[in-house]
Each structure stands twice: as structure tokens, then as C-alpha cells.
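A closer look at the structure
Letter by letter, the chains look like this.
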Amino acid sequence: MTTTLTRPGALAASGHPLVRPDAAKHLTDAQVEELGRELDAVRDEVLAKRGATDAAYIRRVIKVQRSLEFAGRGALMFSKYKPAWFAGTAMLSVAKILENMEIGHNVLHGQWDWMRDPDIHSTTWEWDFVTPARSWQHTHNDLHHRWTNVIGKDKDIGYNLLRMDPDQPWKPFNLGNPLYNALLAPVFEWGIAVYDLEILEYKEGLKSKEAMHRDLKAMGKKVLTQFSKDYAATPAVAMLTGSGKQALYGTLAANAIRNFWAHAVIFCGHFPDGTDTFTEEEVDGETRGDWYVRQMIGSANISGSRLMHLMTGNLSHQIEHHCFPDLPSNRYAEVAVKVREITSRYKLPYTTGPLPKQVGSTWAKIFKLALPNRAPKAATA
Amino acid sequence: MRCMKNIIGRDYIVVMMIRFKKLARAASALTTPLTPEDFLSLFNPVYSSRQLRGVVTRVVHETEDSATIYFRPGSGWHAHQAGQWARIGVELDGVRQWRSYSLSNAADSEPAITVKDAGSVSHVLVRDTKPGDILFLAPPQGDFVLPEHPRSLLMLTAGSGITPVMSMIRTLIPRRPDADVVLINSNSTPERSVFREELDELADQFPNLTVRHWFTSVRGRLDFTAKAIADLCPDWRDRAAYACGPESFLDDAEDLWNREAALETARAVPIGGEGAATRPSGGSTLTIERFSTDLTAGAGHDGGLVTFEQSDREVQADGATPLLDVGEDAGVLMPSGCRMGICHSCLIPLRAGAVRDLRTGEVHNEPGQLIQTCVSAAAGPVNLDL
Ligand SMILES: Cc1cc2nc3c(=O)[nH]c(=O)nc-3n(C[C@H](O)[C@H](O)[C@H](O)COP(=O)(O)OP(=O)(O)OC[C@H]3O[C@@H](n4cnc5c(N)ncnc54)[C@H](O)[C@@H]3O)c2cc1C
Ligand code: FES
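Now for a quick tour of the structure. (Residues numbered from 1 in each chain as written. Chains lettered and ligands numbered in written order. Predicted model: local features only at pLDDT ≥ 70, side-chain atom pairs only at ≥ 80, totals over all residues. Heavy atoms only, no water.)

1. Let's talk about the overall build of chain B
Broken down by element type, chain B carries nine helices and 17 strands. Over its C-alpha atoms chain B spans a radius of gyration of 24 Å, differing by no more than 12% from the 21 Å that the globule rule assigns to 386 residues. Dimensions along the principal axes, computed over C-alpha positions, put chain B at roughly 70 × 55 × 45 Å. With 386 residues in all, chain B has 48% of them scored as buried. If you take every contact in chain B between residues at least 6 apart in sequence, the share linking residues at least 24 apart comes to 66%. For chain B, the accessible surface area stands at approximately 18,100 Å², while carbon and sulfur atoms represent 54% of it. The average position of the 38 basic charges and that of the 49 acidic charges among the side chains of chain B differ by 6 Å. (Helix = DSSP H or I, 4+ residues; strand = E, 2+ residues; numbered from the N terminus. Rg over C-alpha atoms; globule rule 2.2 N^0.38 Å. Buried < 20%, exposed > 50% of the residue type's maximum accessible area, 1.4 Å probe, protein only. Contact = heavy atoms within 4.5 Å. Areas by Shrake-Rupley, 256 points an atom, 1.4 Å probe, with all protein chains shown as cover. Lys, Arg positive; Asp, Glu negative; His and termini not counted. Charge placed at Lys NZ, Arg CZ, Asp CG, Glu CD.)

Here it is in C-alpha cells:
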């Protein structure tokens, strides 16, 4: 009867972009079209199955997360005792990670909108992260997911701070690449918040003064409530037991741990070895199939246990998430089997590896790109 | 005295609620961006900052295909007036579905709905609901309620249409000796007649209630002629009438009252100013409650692309599906109420495009106009401000 699509609307089923990326050069238009159909079918299959078990899954995760947060903050009330400090900090860290990754990120993608539950909905959700949900949805859902890895369009490539691709021109500033990244990790949520303000767009006149004003106000409010909860209100209550200072340190540690983790996982999404970036010619005239190709070869997975998938918010299935950003995250594992089979049949790369390897590979790139590109070697041997 | 107590009790509750709200606001400094209720719901699922819920306390099977569900609502609910209905939400395979149900219990008792298994939602309510389950709720509403001043009444009901009237009878009969109610209740068989025994008992016990059962399996459909109704209730013209039941039952009732009204005006003319002679005129008003609406008048046209502007969704919709269903299927949080064009809870401003009223076939295309999404379908591209 009806079909749904998230705007900005559908891409053509057939045709071809001005230039097809290297990794997909061997495919004909008809093959790419067929690949698009196959991936659409994978999506439809999940949509047909989606139901009560999925709803129960997200509710369970939310319940676990809230219980952990409740228990963690409770333990921090008595954090002048060392074991309580460690237990509280650990529980709060895990709670914050779950809240941001498996719950917040995915709810804000609209993965659970189909339940029609106003308590778990992309238009009502607010998360435990300094950037306001609505600003993030704009830069992340609208811009990053649409322009994934397109140089000049996807500002997530280095977040205006790091040089993450050899096609980005080198400046002396980039010598600090590894240093900036190391400094960014523990305060990642602040980095994202500043990034979501789109200050460069504003300077270039692409973002209006009113919009800037509105975003600054929203962020100011969010920063204030977040800050006063974590560093004033909850430590103040802990002062009743003489644990005020320790509770503050515990919360600070939990935020930093969450930031380190989120930073590590998110940088593994598009930067490890094997992922491609794209030029605007490679996007111009892109079909539905080509869009899928770009998402697949521009993203990287993290292999690991179910716990790993949960703690990364299933961004360990970055490839699947980028192909189907609004499918419920608990379905990515089964989708991954099919996507992987499709990529191998079409001879497309499928980048995956354990976390340490992917983190290492990302850091290697950050170090390498701190320096100007090496001149291509002479063809003579 | 009882009144006094009630008022004091209510004030106390209001004060407590205000205190609780203040406390909750203070506590939210500790829980932001969540609310204290989000944490309280870990212990008691009735708590929610965003949606009213109730816990099912009891389920009574009335007939083979109907059941009464009693529930304890969370804060935000208000007591219903006899005859009102509430929106009830349940989850079907993980998806929230809303329908309207009349409250069948007396006005000041624990709220309850009586549901007949007739489709997807009612089936789950009747067959699968058990004590402890959560129902999603919206506070009672509706103006199918008892007259402000005491009057003799005639109630016409068929099938599950007895529910709002049952609430009226339960509220009125035991407490008001001066009440005078005749009920004509149509059902296929005695076994399928909801509340039959309780109605008979009430009629035995209280002389101010007369119950006339009509079983269609024995006597065929109730004929809405003046004579047939007078056979069941001779002074029907003097009574304020209320009717609730299937579409055709209500249409027939309306026809009869319209015919009578026309006769009255015709008769009133020759008699002139001698008001007393036109005794029945103005006496018999008919108030009806519909459980469904005919949406076929506007069907048979093409739909269009529907854009939910703020929710950032686009959906291709046909010309027969109400925009309310279209939006819900797309995961948009749509405001809704009766889902049949009577309560206006579903209004959304039209930004651009055209919609067709499925009841009449009329097309609306004025930007800024408020659209009743439950009875409107796309008539070409539509852009809604939601
Ligand atoms: C103000 C108000 C008060 C109401 N009060 C009550 C009440 O007190 N008690 C009560 O029981 N109901 C009441 N209703 C009706 C109720 O809201 C629902 O419409 C009713 O329960 C049917 O909903 P459903 O989801 O079960 O049916 P749906 O699945 O929505 O089906 C709607 C209709 O289509 C028919 N249908 C469904 N599937 C099929 C099929 N496969 N083939 C053919 N026909 C089909 C059903 O018979 C049903 O009549 C009230 C409605 C309103 C507006
Ligand atoms: S929902 Fe009641 S009028 Fe539309």
C-alpha cells in the first residue's frame, strides 16, 4: 500500500555515476542495479520480520542501562570507600557507553520509530551527551550518512581537525595530527558538540545567523544541564555521605572512559586500511546500487563477540549500518552474513578486523597523514 | 457530608500532586536528560513522563467474544463521566495501536472497558489481556453524556453499543430514585447479549429501570417505525433518547427521529399558538454515539506523495488510506483520538497540497488549514506540518 523513505528521496534505480570508484570499476551498470535490488531485498526481509522480539530487545537494553546508571550513581554516593568508587565508576561508564551507542545513536537514527512509542522515538529522544540530539541528527543523519566519505562534502572525515585522507591538502598544521587526536579522545563529546555547531559553514556564510544563534542556545542549555548533573547536583548529594569529591572524580572518569571508547569505535568506522574515500564525480549521478557500493567500501567493521557488538552500539557492523541506517541494530548481525556474501559475489572489498587491529590501522593513518604525501614512486625499477 | 469528604480528599490529592511535581522537577537535575519517572518505571511500569498508562487489574469474560477489562490508571487520568470514551493503546507485534473504547463502569468507580472481539486490536484485548498487563491511555472524553437536568430517558442500543449506556445506567439507577430509564437492547441471541443478567437484576431491584431485550434471532431486526418503538415504549416521544450501536442501527434511528421532527413541524403549523397541543415536539431529542464512520464516499481517487515536514519523512500514499494511518506506518508520531472524525484530536496544519475528506469526497487545499488526518487521504502531493 505505502512505502516509506527517509528524505531526501530516492535515487534512480538504473544509470551510473560520472566515475565509478576503483573498487567497483569491474561492475557493469546492470550488475550494480542488481546489487541494489539484492540489498533492498535484504532490507525488506528484516522489515517483514521486525516485531515484538525487537521491541523487547530495545526495552531490555534500556532497562539494563537505566539500572546500571541508577546503581552506578548510587554506589558513587558512597565513593569515599574505594570499592564503591570503582564499582560506581565502572557501572556508570558502561551505562554511559550503552546510552550513547546502542541506545542513543540508534534511537536518534529512527531505528525504533516503527514501534510508535513516544518514549523511544527519534523525534523525542535526548541523550546523555553534550551535543543536543537535534543538532547531531542534522550533521550525522543528514550530512554524514548522505555524503559518506565524499571528500569536501562529508565533514566527518577528520571533523575539520584531522587530516584523514591523502586527498585532503597538507598544511603545516597537520603535523599535529596525532597530538590533536590524542587530545580529542578524552573530550570526544565536546569535540562533537563544537563540530555540530558547523562553525566553518557559518563563517563561509552557508549557515544563517539565526540558525547559529538557535544552535548555540540549544547547546548552551544542554551543556548547562549536563554539566550541573554530572559535576554539581550528583556530587552535591554525595556530600551527604562525605563522598562529594570522590563522586565528582568518579563521574569525570566515567565521562572520560565513555569518550575514549566512543572515539575509538567511531574512528574505526571509516578510517582503517581498506576503506575508500570518494570524489564528487564518483557521486554525481549515483544510482541506488552505487549508493550501496559507496557505503560498503567506505565503511569498516569490527569483529568480535556479542558483547563487543553491544558495547559499540553495533557500529561494529558499520557497513550494514551505513547500508541500512534505520534498521534496528539488533538485526545487523544477521544482515551482515548476507551483505558479506553479496560483497564476495560482486568481488567488492569488505573491511573488517578485531578492535586492536582497526584502532592500530587508524592511528597509523593519522601518523602517516601528519606528513605531506610522498611523491609517487617512479615507475622504473 | 460525603461530598465534603470528597472535596477535601481531592484537594489533598491536588496538593500532593503539586508537591510531587516540584520534587520531580528538582530530582530531574539528577537525571537529565531522563526524567525521574524514567527511573521510577524500573520499579513500577505505570510511571512515564510522556504517556499515561494503566495496569490491568481484572479481566471478566462477558460473552463468548467479549470481555471487560478493569484497569488502574497512572497520574494524568481524570474520572470519566458516564458515557464517555477513552483512547486505549496496545502493542501488536511490537507496534503501538490505538482504538477508542467507551468506559462501561459507573462514573465514580474503577475505570473499565468492555470490548467485543471484532478485529486486530479488539481481538488482543479480549483474548490475550491479563491482570498486570500495561495499557496505554488517554484521558476520557466525549459528549455522549447524561443530560444536565433530570429527564426521563430512552436508551437504544445494539451489540457492543450497550457499553456507554451501561455506564449511564450503573451511575444513575442505584443512586437516583427519581430517574426513569427505558432501555431497548438489541442482540442476536441472549447468550451474545453483554450485561444481560446484570441489567435484569437492576430492573428487578429498581423500578426506575425498564429493560426490553430484543433478540434478532427470534424477532428479526428491530423496525424503526413509530409504532414498533411505541410497542416497546409507549411514551417514547416524551423521552430524551440516546442510541449507540452499528452504523445501520443508528442511521435507522436517526431517520425515525427526523421523520417525527418533520411531522411535528407540519402538525405545529395549523395548530398555531396552542403550544400545549403539540406536546411531543422538542421533547424527544436523539443523541447518538458512533463506533465507526463510513469512509467510502471519498474513495476511488489517486493518492500522492505525502511529506511530514518536521519528521522528515516522505511516503507514497494511495487515495483511500487515511493520512493518520499513512503517518503511523511511516513511524511518525501522529496525534490521534477517536480515529473516526468526531473528536478533532488528530488535526495537523496543511502546509501545501490537497487532501480529500473520505466521508464526503470534498477536497481541501488551503495552506494553513487544519486537516483531520483520520478521515482525510492524499489527493495529490501533500505536505503536512508535523
Ligand atoms: C467513540 C467510540 C467508542 C467505542 N466504544 C467501543 C466499545 O465500548 N466496545 C467495543 O468493542 N468497541 C468500541 N469502539 C470500536 C473500537 O474502537 C474499534 O473500532 C473496534 O474494537 C475494532 O477495532 P479492531 O482493531 O479490533 O478492528 P480493526 O482490525 O481495526 O477492524 C475494523 C473493522 O474491520 C473489520 N475487519 C477486520 N478485519 C477484517 C477482515 N479480515 N475481513 C473483513 N472485515 C474485517 C472488523 O470487523 C472491524 O469492524 C468504539 C469506537 C469509538 C469511535
Ligand atoms: S482522531 Fe478523532 S477526529 Fe480524527
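Once you've had a look at it, read on.
2. Notes on unusual backbone geometry
In this model, B:Thr32 is joined to B:Pro33 through a cis peptide bond whose omega is 5°. Inspection of the secondary structure assignment puts B:Pro33 in the loop between α1 (2-31) and α2 (36-40). Here the phi dihedral of A:Tyr159 falls at roughly 50°; this positive angle occurs in a residue that is not glycine. Checked against the element boundaries, A:Tyr159 lands in the loop between α4 (133-144) and α5 (177-184). Residues other than glycine seldom take positive phi values, yet B:His344 does so here, at roughly 65°.

3. As for the nonpolar core
Soluble, globular proteins show a tendency: their nonpolar side chains are buried together. Residues and elements named next belong to chain A. Core analysis: the largest hydrophobic core is formed by 41 residues, its most contacted members being Trp 112 and Phe 267. Mapped onto this core, the elements with two or more residues apiece are α2 (52-76), α3 (82-108), α4, α5, α6 (188-196), α9 (244-270), α11 (306-311) and α14 (355-368). It is α3 that contributes the most residues to this core, six residues altogether. Sequence-distant contacts of Phe 267, defined by excluding residues within four places in its chain, comprise Tyr 159, Leu 162, Met 164, Asn 181, Leu 184, Phe 188, Pro 272, Thr 362 and Ile 366. Counting residues in each nonpolar core, the second largest holds 28 residues, with Leu 39, Val 46, Val 335 and Leu 348 among its members. (Core = buried A, V, L, I, M, F, W, Y, C linked by side-chain atoms within 4.5 Å.)

4. Here we look at the environment of A:Asn177
All names here are of chain A. With respect to the secondary-structure elements, Asn 177 resides in helix α5. Here Asn 177 falls in the buried class, since its relative accessible area comes to 0%. For Asn 177 and Gly 104, which are 73 residues apart along the polypeptide, the C-alpha to C-alpha distance reads 29 Å. Setting aside anything within four residues of it in sequence, one finds Asn 177 in contact with Leu 161, Leu 162, Arg 163, Ile 366, Leu 369 and Ala 370.

5. Regarding the state of the cysteines
All names here are of chain B. All told, the structure shown has zero disulfides over all chains when counted by the stated rule. Sulfur of Cys 244: no disulfide; nearest cysteine sulfur belongs to Cys 338 and is 13 Å away. By relative accessible area, which is 0% here, Cys 244 ends up buried. Residue classification places Cys 338 among the buried positions, given a relative accessible area of 7%. (Disulfide = S-S within 2.5 Å.)

6. Focus: the sheet that holds strand β5 (residues 112-116) of chain B
Residues and elements named next belong to chain B. The strand order across the open sheet formed by six strands is β4-β3-β6-β1-β2-β5, and the pairing between neighbours is antiparallel. This sheet does not close on itself; its edge strands, each paired only once, are β4 (95-102) and β5. Across the sheet, the axes of successive neighbouring strands diverge by a mean angle of 40°, strand direction being ignored. Pairing between strand β1 (residues 52-63) and strand β6 (residues 134-137): four bridges, direction antiparallel. Bridge assignment links Gly 54 to a residue of β6, and that residue is Leu 135. (Pairing = 2+ DSSP bridges. Axes fitted to C-alpha atoms, helices over the stretch in contact; angles between N-to-C directions.)

7. Structural notes on the layout of surface pockets
In this approach, a probe sized like a water molecule rolls over the atoms, and the result shows the empty space that is left. All names here are of chain B. Its volume calculated, the second largest pocket comes out at about 1,200 Å³. Elements with a minimum of two residues in the lining of the second largest pocket: β4, β5, α3 (120-128), β8 (180-187), α8 (247-271), β11 (286-290) and α9 (323-329). Considering every element that reaches the lining of the second largest pocket, the biggest residue donor is β4, with five residues. (1 Å grid on protein atoms, 1.4 Å probe; cavity = no way out; pocket = protein on both sides within 12 Å on 5 of 7 lines; lining within 4 Å. Points joined across faces, edges and corners; volume = space filled by probe spheres on them.)

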